[in-house]
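Observations on the model geometry
Each chain is listed here by its residues.
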Amino acid sequence: MKLKNLIRKTAALSLALTFSLAGTGCGSKGTTAEPATSAEAEPTEAATEAVTEGEATEGKATEAAGDVTTVKVAWQTNAFPLAYEDENGNLTGYEIEVMKLVDEALPEYEFEFELAGTQDAEYAGLSAGKYDVVLSNAFYTKDRDEAYALPKNPIGASLVGIFVKKGTEGITDFASAATAGAKLTPILAGDGLYYVVYKYNEENPDNQINLEATDSADAFMNSLGWVAEGRYDFAVWPKNYYEQLVTAESGELHDYDAQLDFYDCRSVYTYSVVRKDEPELADAISGVLGTLREDGTLSKLSTEFYGYDAFQYDSE
């Protein structure tokens, strides 16, 4: 059973992240783009323990070399289009190209990109001091902000939208769903998507969505079938997940493309994650990212790698 197998493969990527919302515009129907990576999830305890004390000491990431400090930047596999090697073996991707520009703007630092492998390995290495910076399409959470040094400015943005059963009229965004009294699929408690809806409800006390939490890690993937079958009226998903699994002809759940309609809704910030004991590095990175955002470079790179500007609903 394709869906059950995919649920097993994605259970560890249940998006257990608190989102930092970046805009309130909604309603543009989604368009096809290249498959993109999913939102980043917290590392497992087992992976953190896998980095031994010896590895942490040997792999101390940031070392001064003259007046230049080396910064170890970790990236992960299966992260297209954020980080990947092209047909010529060159490292590229949205987050990689952004960090290359940050590196160029900071002569006091020299960035070295290292393939960590899995996302768990990235964070285990970051906590152990093996890496200085992790690139993982990370969303803001209070826990993450306390555990690491997050740059104030985001490295990117991820579009979040809703999908409804094909032919459904009048539900194209959070506001219209709330007005219609539409039934939202349950969302895993603590999941980033839960906080997207929670934030909307905070901002709109007179037009709220009925938000139901669940302890089932399968709820995210099951929401496709639930909406297609009519058990629920709509679900909230990151656009890149939807495009990768549903919209793309090669997607493992492409059969749902003929049964559902997806609508863009909100831009959600993503962050580079810096070691807790490197606040000056985080501030330096943040300063450059702020400039790149203001001059339109981040939007340009987003369009290049995603096929659309993920900052398009950025109201800040």
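Numbers given for residues are sequential positions, taken from 1 along each chain in its written order. The predicted origin of the model limits local features to residues at a pLDDT of at least 70 and limits the giving and counting of side-chain atom pairs to 80 or more, whereas totals for whole chains, interfaces and linings rest on all residues. As a rule here, side-chain values cover all heavy atoms of the structure and leave hydrogens and water aside.

Remarks on the packing of aromatic side chains
Here is the rule: rings of Phe, Tyr and Trp (six-membered ring for Trp) pair when centre to centre is within 6.5 Å. Planes less than 30 degrees apart are stacked, more than 60 are edge-to-face, and the remainder are tilted. Applying the stated criterion across every chain yields a total of 17 aromatic pairs. Where phenylalanine 174 meets tyrosine 200, the ring centres are 5.5 Å apart and the plane angle is 80°; that geometry is what we call edge-to-face. Residue phenylalanine 174 is located in helix α7 (residues 174-180), and its partner tyrosine 200 is located in helix α8 (residues 192-203); the two are separated by 26 residues in the primary sequence. Here's how the labels work: a residue is buried when its accessible area is under 20% of the maximum for its type, exposed when over 50%, partly exposed in between, all with a 1.4 Å probe on protein chains only. Overall, tyrosine 200 belongs to the buried group, its relative accessible area being 4%. Between tyrosine 195 and tyrosine 198, the aromatic rings sit 6.3 Å apart at their centres with planes inclined by 70°, giving edge-to-face as the arrangement. Placement of both tyrosine 195 and tyrosine 198 in helix α8 is noted, with a separation of 3 residues, approximately one turn of the helix. Exposure remark for tyrosine 195: the relative accessible area of 30% places this residue in the partly exposed category. Every member of this aromatic cluster is reached through a ring pair, and the members are Phe163, Phe220, Trp237, Tyr241, Tyr242 and Phe262. Numbering of helices and strands starts at the N terminus; helices are DSSP runs of H or I of at least 4 residues and strands are runs of E of at least 2.

Thoughts on the pairing of strand β2 (residues 68-76)
Within β2, 8 of the 9 residues are buried, which leaves it mostly tucked inside the rest of the structure. Following DSSP output, two strands are said to pair if at least two bridges run between them. In this sheet, strand β5 (residues 109-117) lies alongside β2 in parallel orientation, the contact comprising 8 bridges. When the sheet's bridge partners are listed, valine 71 is paired in β5 with phenylalanine 111. The pairing of β2 with strand β6 (residues 133-138) spans 2 bridges and is classified as parallel. In the strand pairing of β6, valine 73 is matched with valine 133.

Here's the deal with the confidence of the model for the protein
Here the protein averages 83 in pLDDT, and 78% of its residues register 70 or above. For every residue, the predictor states its confidence as a pLDDT score lying anywhere from 0 to 100. Throughout, a residue-residue contact means that at least one pair of heavy atoms, one from each residue, lies within 4.5 Å. Below a pLDDT of 50 lies the segment residues 7-25, which in the model reaches 78 contacts outside its immediate sequence neighbourhood of four places, other chains included. Counted against residues more than four places away or in other chains, residues 28-41, with its pLDDT under 50, gives 58 contacts.

A short note on helix α5 (residues 119-128)
Regarding α5, the residues found buried are Gln119, Glu122, Tyr123, Ala124, Gly125 and Leu126. One or two steps after α5, the chain reaches glycine 129, where phi turns positive at roughly 90°.

So, the pairing of strand β10 (residues 234-238)
Note on strand geometry: in a regular strand, side chains alternate between the two faces of the sheet. Most of β10 is tucked away, with 5 of its 5 residues classed as buried. Bridge count for strand β7 (residues 156-165) against β10 is 5 bridges, and the pairing is antiparallel. For valine 160, the partnering residue across the bridge sits in β10 and is proline 238.

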